[in-house]
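# Working through the structure, step by step
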Amino acid sequence: MKRLKDTLNAIKTIYAVTALFGIMPFKRNPFWSISYGITPLALLFFINLYGGSRYLPYVLIGGIITITVATTISLETDAAFLRIVLKLQAMYVASPVGPLTYSLGLAIGDFITGVPGILIFFVLLHLYGYLNLVSGIVLLTSVGLTWALISALGFLISSFLNDIKDLWTYGPILAAILSFLPPVYYPIELITNPVLRMLVYIIPTTVPARIAQAAVGAASIDFFETVLMWVGLILYTLLINAMLVKYARWRQP
Amino acid sequence: MNVLEAYKVSKTYDGKNWALLDFTLTIKRGELLSLLGRNGAGKTTFINIATTQLRQTRGTVRVLGYDVIKEAKSVRRLIAIVPQEARPLSLATPWEHVYYYLLARGLSINEARERTARYLREMDLWECRNVISSKLSGGLRQRILVAMAIATEAEMIFLDEPTIGLDPIGKMNVWRYIGQYAKKGCTFVLTTQDMEEAEILSDRVAVMDRGILIAYGDLQSLKSRVKSKIRMEIKGNVSEEKLREYGSVINLTDKLLLYTDEKFADEVAKLAMTNNCQVTISPIRLEDVFISLVGVGPHEEA
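A short tour of the structure in this document, coming up.

What counts and what doesn't
- Every chain begins its residue count from 1, and numbering advances along the sequence as written.
- Labels are handed out in written order, letters beginning with A for the chains and numbers beginning with 1 for the ligands.
- Only residues with pLDDT of at least 70 get local features here, since the model is predicted, and only at 80 or more are side-chain atom pairs given and counted; chain-wide, interface and lining totals rely on the full set of residues.
- Excluded from the side-chain calculations are hydrogens and water; all other atoms, namely the structure's heavy atoms, are used.
- The helix count covers DSSP runs of H or I at least four residues long, the strand count covers runs of E at least two residues long, and both are numbered beginning at the N terminus.
- Any two residues whose heavy atoms approach within 4.5 Å are treated as being in contact.
- Per-residue and other accessible areas follow the Shrake-Rupley method at a 1.4 Å probe size, with only the shown protein chains counted as cover for residues.
- The sign given to each residue is positive for Lys and Arg and negative for Asp and Glu; His and the chain ends receive no count.
- Lys charges are placed at NZ, Arg charges at CZ, Asp charges at CG and Glu charges at CD.
- As used here, buried area is the combined drop in accessible area, with a 1.4 Å probe, of two parts when they are placed together.
- Put simply, a salt bridge is a Lys or Arg side-chain nitrogen that is within 4 Å of an Asp or Glu carboxyl oxygen.
- Residues adjacent in sequence count toward polar contacts only when both atoms are side-chain atoms; beyond that, a polar contact is any pair of N or O atoms within 3.5 Å, and within protein one must be able to donate a hydrogen and the other to accept it.
- Classification convention: Asp, Glu, Lys, Arg as charged; Ala, Val, Leu, Ile, Met, Phe, Trp, Tyr, Cys, Pro as nonpolar; all other residues, Gly among them, as polar.
- We call a set of buried residues a nonpolar core when its members are Ala, Val, Leu, Ile, Met, Phe, Trp, Tyr or Cys and they connect through side-chain atoms within 4.5 Å of each other.
- Exposure categories follow from relative accessible area, calculated using a 1.4 Å probe and restricted to protein chains: below 20% of the type maximum is buried, above 50% is exposed, and the middle band is partly exposed.

### Focus: the overall build of chain B
Of regular secondary structure, chain B possesses eleven helices and 14 strands. Here the C-alpha coordinates of chain B stretch approximately 70 × 45 × 35 Å along the principal axes. Counting only contacts in chain B whose residues sit at least 6 apart along the sequence, the fraction spanning at least 24 positions is 67%. Only carbon and sulfur atoms are counted for the fraction: they give 48% of the accessible area of chain B, which is about 13,400 Å². Taking the average place of the 42 positive charges on the side chains of chain B and the average place of its 38 negative ones, the gap between the two points comes to 5 Å.

Here it is in structure tokens:
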């Protein structure tokens, strides 16, 4: 009974943080969602223009992953801004709210801004015939795990930032590394070096991108590799979230 | 009953310089304590340690019976803070700030709604409850943060320079609310550089400088530490050397500050007026206690 009550309280806390830091600002400035979608849409236009429809499924998957990454990496900036500039995190530290519920609330709040852009790419996938029930569920699951992994990473990094000028330094670098370096927008086969092709799996967005590409038929992965990637993605997500709970600086040293 | 017990609390950020050194303090339930000191005195460092935001290097702090390190979760349930230089979200309204904060802290929806309405009314924020904070004045924005903390009805509320940057009317409004809630039995810890604020609000004052607790007690006992009982401000052309015959003198560039006894006050006043000087006489204030303890004014460097 107590555990149920604690869970309900945690959900209420997450909702309250999401509402104040995510829903209310987004309600008053929905144009933020355009800023997350504009680069992937521009890439869609240019890659289609120069490459034709050959890379279309990769660009559409890439768009979904990029927007997910952008909204979750922005958590790094937003969390640090709330802590360093507005000093509001201190009010939550000195309260019953814990770091996990607080970071989840912020992460959901940030993700809401990316939903319109992600929906556009889902609609495009459907219009181009890449989406069915199974591929849709697989895509949503891999996007969900990407969100859980990258947002935990973003909050963990933010807790170590101490200077205002650092706020906007690491976000764009991480977004570029996570979105454009690994095979998110292109097939992994274009990486001809076998060592690099293995190393690229260290980047957290490689696996969800490969899973999503396979779900829409753009990539071919055997059953064993599919299971390995799912297990790897889930373990990676759990590991980063465990690191968040253990190492994120809720109390400064 | 002591609601805060700090024993030899020390903190260094770089292993060499001590932001706080052997700080020992107790606070009783229901009192309003001001931590008074210049920039760098260690006030915010102590507040951050007591509110479980910062780990001390050594020493112990117990808040409401719980150790701030080992029993942090228990402490956090019972306290609230308005951090120094905190600002509300520009795109959220006073209602949203208070309501969602109370909800996050575990209140039910109905309780949070009722309390938000009550405290916004009491703190004169009701009229602007649905106006986003970027459209409000600095004083109103600061009041949002104080409302967030006070609405928690926490047993202990820490206010870190809550009136910094406010105009005199804004300050007085915040003092009014703090004074009001202090009378209801909540324990407040306030940090400030503003002597008037400390004098108006506090039951007791702890004077800090360079991380050390210099003096601690109620206003009367602190004032009794200063030998002289009269403060005289003299503006004009009068010899500082001559004034030193009557007590201690501080040269504030545009005026001289003389601390002396009542028996000399008439003589000094006559001397000053003979030299066509402007004279102001008043009893010793908290600022004077601070100057006598620390050696310089609250906004000056040594």
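Resuming the write-up.
### Let's talk about the interface of chain A and chain B
Listed by partner, the interface residues are 32 residues for chain A and 38 residues for chain B. Here chain A packs against chain B, burying approximately 2,900 Å² in sum over the two surfaces, 64% of which is carbon and sulfur. The partner of Lys87(A) in a salt bridge is Glu85(B), with the nearest N and O atoms 3.8 Å apart. Counting across the interface, chain A meets chain B through 13 residue pairs in polar contact (both at pLDDT 80 or more). At the level of secondary structure, the elements contributing two or more residues to the side of chain A that touches chain B comprise α1 (2-28) and α4 (89-93) of chain A. Tallied by class, residues from the side of chain A that touches chain B come to 22 nonpolar, five polar and five charged.

### Details of the nonpolar core
Among the nonpolar cores identified, the biggest contains 118 residues, and Phe21(A), Tyr92(A), Tyr102(A), Leu106(A), Phe155(A), Ile157(B) and Phe188(B) are the most heavily contacted of them. For this core, the element with the most residues is helix α3 (residues 56-84) of chain A, which contributes 14 residues. Not counting chain neighbours up to four residues away, the residues in contact with Phe188(B) comprise Glu31(B), Leu32(B), Leu33(B), Ile150(B), Ile157(B), Leu159(B), Ile178(B), Tyr181(B) and Ala182(B). Formed by 29 residues, the second largest nonpolar core is a distinct cluster that contains Val3(B), Ile27(B), Ala50(B) and Leu54(B).

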